[in-house]
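# Working through the structure, step by step
For reference, the chains in residue letters:
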Amino acid sequence: MDATTVTVTGAGGQIGYALLFRIAAGDMLGAERPVRLRLLEIPQGLASAEGAALELQDCAFPLLADVEITDDPRVAFDGANIAMLVGARPRSAGMERADLLAANAGIFGPQGAALNAAAADDVRVVVVGNPANTNALIAAASAPDIPGERFAALTRLDHDRALAQLAAALETPVAALRGVIVWGNHSATQFPDVAHATVAGRPVTDALAERLGGSAAAAAWLDEAFVPRVAQRGAEIISVRGSSSAASAAHAAISHVRDLVHGTGDGWTSAAVLSHGEYGVPAGLYSSAPVTSDGTAYRVVDGLELDERGRARLDASVAELVAERDAVRALGLI
Ligand code: NAX
């Protein structure tokens, strides 16, 4: 079987360290598929990526065909079938939102252009680095020859966090849950939605109402406990662990690509994909939605009902995405 070229940016960082070994082990593309890893770093991060490459070698992974490390995006994306854009500029003290967007446009614009010039015809891109949705927008805008549907921003971690919180509240295995959705931006405005979710085939809202003593109590738990817990879980991890989510983010990125290339089967998952206007989200934004894949691309599951509460929450998150897009436009970055 031909090797698949997987490019990981920010490969010397903590998510990179949790990601590379699982890709090389076959967790993402399958136990039959050889992989060629291309690791992109900035000069200060090269030594860390080189160290990870030495350890990859020491694992003697049967599927790992090759590892190349570079600080040149054109080299890193040469022939890339899968591009995982993890490296980003974090917010530093005193940085305004416009500065953060501009700094990241300075990363994701050139990377989009390099993807456009060098990647394989079938390239699929997932953006992990924050602000992920708008970074995906910038990268896609800089890659005019690559269909915008090939880009996505990761909201699978939010989706998995929502599943885990529900499973804990209902004292049920995660495997019994279906139909959770994360809408909007990968930020505190995201909307983890259970309106279509089921537990062992039964509406989650009914199961919650039974457990919590009525539908008003269930609605209050969703608004006051569930949604904020999921949306602010990243901050909770930082406060407990002392650094941001790494292994769980890497796992979510692996799951995102695995389900994209192997298909979602009979369920859906969540990813921030290019909007064509579904659910009133302005076309051209990358907004999280329920998605399925047949093994070629993620597509939005259209036609689900959004109640008034859901509509308001999605609108608020989309307003934030519109503001980010407008700020990037005002800076002449897209
Ligand atoms: P680290 O700071 O550990 O690693 C980032 C790495 O990226 C560093 O080694 C840095 O040298 C490298 N880098 C910076 N600019 C680069 C460039 N232009 N080209 C190539 N590499 C570059 O951060 P880590 O914890 O790995 O997080 C990476 C990104 O993921 C951050 O933006 C973070 O906010 C984001 N996250 C996104 C999540 C999601 O669900 N979408 C969840 C986890 C995480 O917060």
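Now for a description of the structure that goes with this document. None of these values were measured; they are calculated from a predicted model.

Parameters and conventions
Residues numbered from 1 in each chain as written. Predicted model: local features only at pLDDT ≥ 70, side-chain atom pairs only at ≥ 80, totals over all residues. Heavy atoms only, no water. Axes fitted to C-alpha atoms, helices over the stretch in contact; angles between N-to-C directions. Helix = DSSP H or I, 4+ residues; strand = E, 2+ residues; numbered from the N terminus. Parallel < 35°, antiparallel > 145°, perpendicular 65-115°, else oblique. Left-handed = near helix turned anticlockwise from the far one by under 90°. Contact = heavy atoms within 4.5 Å. Nonpolar A, V, L, I, M, F, W, Y, C, P; charged D, E, K, R; others polar. Pairing = 2+ DSSP bridges. Near = heavy atom within 4 Å. Polar contact = N/O pair within 3.5 Å; in protein donor to acceptor, adjacent residues only side chain to side chain. Areas by Shrake-Rupley, 256 points an atom, 1.4 Å probe, with all protein chains shown as cover. Buried < 20%, exposed > 50% of the residue type's maximum accessible area, 1.4 Å probe, protein only. Phe/Tyr/Trp six-rings, centres within 6.5 Å; stacked < 30°, edge-to-face > 60°. Patch = residues over 30% accessible without salt bridge, like charges linked within 9 Å, V, L, I, M, F, W, Y side chains within 5 Å. Salt bridge = Lys/Arg side-chain N within 4 Å of Asp/Glu carboxyl O.

What follows deals with the packing of helix α6 (residues 156-170) against helix α8 (residues 215-231). At their nearest, the axes of α6 and α8 sit 9 Å apart, and the two run at 135 degrees to each other. Judged by the angle between their axes, α6 and α8 are oblique. At the point where α6 passes α8, the crossing takes the right-handed sense. Counted together, D158, R161, A162, Q165, L166 and A169 of α6 and W221, F226, R229 and V230 of α8 form the full contact between these two elements. Residue composition of the contact of α6 with α8, grouped by class: six nonpolar, one polar and three charged.

For sheets, the rule is that strands pair by backbone hydrogen bonds, running either parallel or antiparallel. Spatially, the three strands line up as an open sheet ordered β7-β10-β11, and their pairing is antiparallel. Since the sheet does not close on itself, it has two edges, and those belong to β7 (177-178) and β11 (202-203), each with one partner. Across two bridges, strand β10 (residues 198-199) lies against β11 in antiparallel orientation. Residue pairing in the sheet places V199 in a bridge with R202 of β11.

This part takes up the site of the ligand. As a matter of local geometry, the ligand sits amid 22 residues, with Q14, I15, E41, V128 and N130 nearest to it. Within the backbone of G13, a nitrogen or oxygen atom sits 3.3 Å from an oxygen atom of the ligand. For the ligand, whose unbound accessible area comes to 880 Å², protein coverage reaches 79%. If you list the elements that add at least two residues to the shell around the ligand, you get α1 (14-25) and α4 (97-118). Broken down by class, the residue content of the shell around the ligand amounts to 10 nonpolar, 11 polar and one charged.

Quick look at helix α5 (residues 132-141) now. In terms of residue burial, α5 counts as a mostly covered element, since nine of its 10 residues are buried. Within α5, the full set of buried residues consists of A132, N133, T134, N135, A136, L137, I138, A139 and A140.

Turning next to the packing of aromatic side chains. Applying the stated rule across the entire model yields three aromatic pairs. When the centroid spacing of 5.4 Å and the interplanar angle of 70 degrees are considered together, the rings of Y17 and F21 count as edge-to-face. Taken together, the residues span about one helical turn, with Y17 and F21 both in helix α1 at a distance of four residues. By relative accessible area, Y17 is classed as partly exposed at 43%.

Below, the discussion takes up a nonpolar patch on the surface. A contiguous nonpolar patch, built from L331, L333 and I334 and spanning about 220 Å² of accessible area, is present on the exposed surface. Along the chain, L333 falls in the segment after α11 (308-330). Its relative accessible area of 32% is what places L333 among the partly exposed residues.

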